[in-house]
Amino acid sequence: VQLQAYGGGLVQDGGSLRLSCAASGLTFSTYRMAWFRQAPGKEREFVAAISARGITTSYADSVKGRFTISRDNAKKTVYLQMNSLRPEDTAVYYCAADRVTNSGLRKISIDYDYWGQGTRVTVSS
């Protein structure tokens, strides 16, 4: 299984970025997907999750209304559209896959089975 995240970069306060995560080696349409992030000196935290068919989503309070998670099962890719970025959004962003489907969307990193390598997002003030 491979999850490859990309799309990070340097952006100014208030700007936008779109992250992508391409999956291979798994039946993508049966996995719930999520984005987490880890800022320097901090623990990894949940950002957003999406159900296997893309019907249900969940967001951290800190990103609600600014970030949107989506997926394209035909392309085996999950996206994170990030608008109105703030300096506190600076972090390495990771995508993750969860094979469990018989519960609500999960927000704890240890519950996820596969992880991408991360893509760095830096928001300058």
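The rules behind these values
- Residues numbered from 1 in each chain as written.
- Predicted model: local features only at pLDDT ≥ 70, side-chain atom pairs only at ≥ 80, totals over all residues.
- Heavy atoms only, no water.
- Helix = DSSP H or I, 4+ residues; strand = E, 2+ residues; numbered from the N terminus.
- Contact = heavy atoms within 4.5 Å.
- Pairing = 2+ DSSP bridges.
- Axes fitted to C-alpha atoms, helices over the stretch in contact; angles between N-to-C directions.

K.L.:
Help me understand the environment of Asp-13, please; the structure alone is not making it clear to me.
P.N.:
Note that Asp-13 resides in the loop between strand S2 (9–12) and strand S3 (17–24). In this structure, the C-alpha to C-alpha distance between Asp-13 and Ala-49, residues 36 residues apart in sequence, is 24 Å. Those residues in contact with Asp-13 that sit more than four places away from it in its chain are Leu-85, Arg-86, Pro-87, Val-123, Ser-124 and Ser-125.

K.L.:
What should I look at first to understand the sheet that holds strand S7 (residues 67–72) in this one?
P.N.:
Strand pairing in a sheet relies on backbone hydrogen bonds, with the paired strands running either antiparallel or parallel. Read across the open sheet, the four strands follow the order S1-S3-S8-S7; overall the sheet is antiparallel. The sheet is open, and its two edges are formed by strand S1 (2–6) and S7, each paired on a single side. If you compare each strand with its neighbour and ignore which way they point, the axes differ by 15 degrees on average. As judged from the six bridges shared by S3 and strand S8 (residues 77–82), these two strands associate in the antiparallel manner. Bridge assignment links Ser-20 to a residue of S8, and that residue is Tyr-79.

In short, geometric facts, not functional conclusions.
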